[in-house]
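Spelled out from the first residue to the last, the chains are:
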Amino acid sequence: MSLGVKLAMIFLTMVFVDNYVLVQFLGICPFLGVSKKLNSAVGMSVAVIFVMVLATAVTFPLYVYLLEPNGLGYLNTIAFILIIATLVQLVETVLKKFIPSLYKALGVYLPLITTNCAILGVTLLNIDNITENGYGFLESVVCAAGAGVGFMLAMVLFAGVRQRLEEAQPPKPFEGLPITLVSASLVSLSFMSFGGIIEAIFNG
Amino acid sequence: MGKFSTFSKGLLKENPVLKLVLGTCPTLAVTTLAFNGIGMGLAATFVLICSNVLISALRKVIPNQVRIPAFITVIAAFVTIVQMLVKVLLPALDEALGVFLPLITVNCIILGRAEMFASKNPVLDSALDGLGMGLGFTLALTVMASVREILGAGTLTLLPGVTFQIIPQSVDPFGIMITPPGGFFIFGVTMALVIYLEGRKGRKIKLEASCSSCPAAAGCPGACEGCDGKGGE
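Residues numbered from 1 in each chain as written. Chains lettered and ligands numbered in written order. Predicted model: local features only at pLDDT ≥ 70, side-chain atom pairs only at ≥ 80, totals over all residues. Heavy atoms only, no water.

1. Describing the overall build of chain B
A count of helical and extended segments in chain B gives eight helices and two strands. Along chain B, helices and strands appear, N-terminal first, in the series α-α-α-α-α-α-α-β-β-α. Taking all 233 residues of chain B together, 55% fall into the buried category. Within chain B, counting contacts between residues at least 6 apart in sequence, those at least 24 apart form 71% of the total. By element, 68% of the accessible surface of chain B is carried by carbon and sulfur atoms, the whole surface being about 10,000 Å². (Helix = DSSP H or I, 4+ residues; strand = E, 2+ residues; numbered from the N terminus. Buried < 20%, exposed > 50% of the residue type's maximum accessible area, 1.4 Å probe, protein only. Contact = heavy atoms within 4.5 Å. Areas by Shrake-Rupley, 256 points an atom, 1.4 Å probe, with all protein chains shown as cover.)

2. Some words on the packing of helix 9 (residues 177-192) of chain A against helix 8 (residues 180-200) of chain B
Direction vectors running N to C along helix 9 of chain A and helix 8 of chain B enclose 170°, while the axes themselves pass 7 Å from each other. With respect to helix 8 of chain B, the element helix 9 of chain A is oriented roughly antiparallel. When helix 9 of chain A is examined against helix 8 of chain B, the residues Leu177(A), Pro178(A), Leu181(A), Val182(A), Ala184(A), Ser185(A), Ser188(A), Leu189(A) and Met192(A) are found in contact with a partner set consisting of Pro180(B), Pro181(B), Phe184(B), Phe185(B), Phe187(B), Gly188(B), Met191(B), Ala192(B) and Ile195(B). Here the contact of helix 9 of chain A with helix 8 of chain B is built from residues that sort into 15 nonpolar, three polar and no charged. (Axes fitted to C-alpha atoms, helices over the stretch in contact; angles between N-to-C directions. Parallel < 35°, antiparallel > 145°, perpendicular 65-115°, else oblique. Nonpolar A, V, L, I, M, F, W, Y, C, P; charged D, E, K, R; others polar.)

3. Brief notes about the pattern of salt bridges
Two side chains bearing opposite charge may form a pair once their charged atoms approach each other closely. Residues and elements named next belong to chain B. Here the structure, examined in full by the defined rule, presents nine salt bridges over all chains. Across the pair Arg67 and Glu115 runs a salt bridge whose closest N-O atoms are separated by 2.9 Å. With a gap of 48 residues between them, Arg67 in helix 4 (residues 67-89) and Glu115 in helix 6 (residues 108-118) connect regions that are remote in the sequence. In this structure, Arg67 and Glu115 share a single accessibility class: buried. Within the structure, one salt-bridge network assembled from shared partners comprises Lys9, Arg113 and Asp129. (Salt bridge = Lys/Arg side-chain N within 4 Å of Asp/Glu carboxyl O.)

4. Regarding the environment of Ile104(B)
All names here are of chain B. Here Ile104 is to be found in the loop between helix 5 (91-97) and helix 6. The class for Ile104 is buried, based on a relative accessible area of 1%. Ile104 sits 57 residues away from Val47 along the chain, and the two C-alpha atoms are 8.2 Å apart. Ignoring anything within four residues of it in the chain, the contact list for Ile104 reads Met40, Ala43, Ala44, Val47, Ile75, Val79 and Ile110.

5. Some remarks on the packing of helix 7 (residues 123-153) of chain B against helix 8 of chain B
Helix-helix packing: each pair is described by the crossing angle between the helix axes and the interaxial distance. All names here are of chain B. Contact pair helix 7 / helix 8: the axes reach a minimum separation of 10 Å and the direction vectors enclose 125°. With respect to helix 8, the axis of helix 7 lies oblique. Note on packing geometry: the crossing formed by helix 7 with helix 8 is right-handed. Contacts from Met144, Val147, Arg148 and Leu151 of helix 7 reach helix 8 at Gly182, Gly183, Ile186, Phe187 and Thr190. Taken together, the residues of the contact of helix 7 with helix 8 break down into five nonpolar, three polar and one charged. (Left-handed = near helix turned anticlockwise from the far one by under 90°.)

6. So, the environment of Asn19(A)
Residue and element names in this part refer to chain A. One can find Asn19 in the loop between helix 1 (3-17) and helix 2 (28-33). Here the alpha-carbon distance between Asn19 and Phe151, two residues 132 residues apart in the chain, equals 7.0 Å. When neighbours within four sequence positions are excluded, Asn19 is seen to be in contact with Met14, Gln24, Gly150, Ala154 and Phe191. Looking at Asn19, its side chain comes within polar contact range of the main-chain nitrogen of Leu22, at 3.2 Å. (Polar contact = N/O pair within 3.5 Å; in protein donor to acceptor, adjacent residues only side chain to side chain.)

7. Here's the deal with the side chain of Thr123(A)
Residue position: Thr123(A) is located in helix 7 (residues 117-133). Non-local contacts of Thr123(A), meaning those with residues more than four positions away in its chain, are made with Ala55(A), Thr56(A), Thr59(A), Phe80(A) and Ile84(A).

8. Focus on the environment of Ser185(A)
Along the polypeptide, Ser185(A) turns up in helix 9. For the pair Ser185(A) and Glu68(A), spaced 117 residues apart in sequence, the C-alpha to C-alpha distance is 39 Å. Aside from chain neighbours lying at most four places away, what touches Ser185(A) is Pro181(B), Phe184(B) and Phe185(B).

9. Re the interface of chain A and chain B
Between chain A and chain B, the residue contacts involve 43 residues of the former and 43 residues of the latter. With both sides pooled, the region where chain A packs onto chain B buries about 3,900 Å², and carbon together with sulfur makes up 81% of that total. Linking chain A with chain B are zero salt bridges, by the criterion used here. Taken together, chain A and chain B are joined by two residue pairs in polar contact (both at pLDDT 80 or more). (Buried area = accessible area lost by both parts, 1.4 Å probe.)

10. Section: a nonpolar patch on the surface
Where nonpolar side chains cluster on the molecular surface, the patch consists of Phe46(B), Ile81(B), Leu85(B), Val88(B), Leu89(B) and Leu90(B) and spans about 560 Å² of accessible area. Top contributing element to the nonpolar patch by residue count: helix 4 of chain B, with four residues. (Patch = residues over 30% accessible without salt bridge, like charges linked within 9 Å, V, L, I, M, F, W, Y side chains within 5 Å.)

11. Some remarks on helix 6 of chain B
In terms of burial, helix 6 of chain B is a largely internal element, 10 of the 11 residues being buried. Of the positions making up helix 6 of chain B, those classed as buried are Cys108(B), Ile109(B), Ile110(B), Leu111(B), Gly112(B), Arg113(B), Ala114(B), Glu115(B), Phe117(B) and Ala118(B). In the core, the buried residues of helix 6 of chain B are packed alongside helix 2 of chain A together with helix 1 (3-8), helix 3 (34-57), helix 4 and helix 7 of chain B. The N-capping residue of helix 6 of chain B, defined by a side-chain oxygen 2.9 Å from the backbone nitrogen of Ile109(B), is Asn107(B).

12. Here's the deal with the packing of aromatic side chains
Residue and element names in this part refer to chain A. The tally for this structure, following the rule as stated, stands at eight aromatic pairs over all chains. Note on Phe191 and Phe194: the rings are 5.5 Å apart at their centroids and 70° apart in plane angle, and the pair reads as edge-to-face. Directly above the ring of Phe98 sits Lys97, whose terminal nitrogen or CZ lies 6.0 Å from the centroid. (Phe/Tyr/Trp six-rings, centres within 6.5 Å; stacked < 30°, edge-to-face > 60°. Lys NZ or Arg CZ within 6 Å of the ring centre and 35° of its normal.)

Remember, this is a structural readout, not a statement about activity or role.
Spelled out as structure tokens, the structure:
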């Protein structure tokens, strides 16, 4: 399998089959908290994609070239969360100074991202992927981008569902969050149908 | 507030999962087997007690501006300890929880209690609060996991190897309940049940993913729904 095909397969698998929100349950808080309006859903997702790719691009070499050779692999949780926190702060400052228009669009979502488990999750899972699937730097970054795009897809789809829910009149105890979770269950069910499709396409 | 109510409020009255809607990711992800729910809950309880105690002891030393990174570092250190312990003592649990064990670091319950309680209260109160909240988390996870396992596999696994057959094997289990959609569904129904029971007692609660105990509230820009950017207080 050529590298391009392998990368495409990783990307599509992360978007559809192993969708972070709907299948792996990472990043549920922003999924429930910020998906009410379409434009905030898109803004949050773009910020997540950006930070995910950046965080993976930094943590992967750090683990492979610094922590692992020195027998410090067990420190990855502490090291990664600190890097993510610093990175988010750095991105915020740089955007504010140099690209104020982008800062205006994404800035409000950045503080929420430090404690978003999808970001720490993707960096840690990519480390597992080194031994399990033989991922290199390129594969890891593509995997992070796919995870981010999958997050965006779930957020955007669900923002549409939630706008319909506004008008709906569920039984009293189900109002608010419970009916939102039940609808999330149905959206998640529809994603289960992607299982196996990607492999079938690429492996014929 | 008495010492006992400091401890007991986390169990039901302010249950972190069912009332405050915190820590939803592990609640949905690991509750496919009753034992995983118990294990995850106890691991988080250990981290919560230790981090609450240490943060409370250091509350006058940590400068206000850098308190969130300081809290995260303390929590991540205890999570690393738990990770190592579980890997040695209960390898099966380590396998089952996977990435959600290190992800206790960013569990909103732990950072939320550090920010809301431990950074303002003495050590003993913070330890009791951590114990109560942790056990409340464990309780919610165990209930969710038991329901999902009984419906989805027909069994109940309280310890590794100790499995009870609840629904006879001749009945086909609802396999969907231990898949991701089943997780969302059972969580939604459990929450609706809590609201219904509270409503019958004359208390009205409306659950929203609120920021009343959101750890990001301090630097909150008001991005979530229903949030005014003032930390919900």
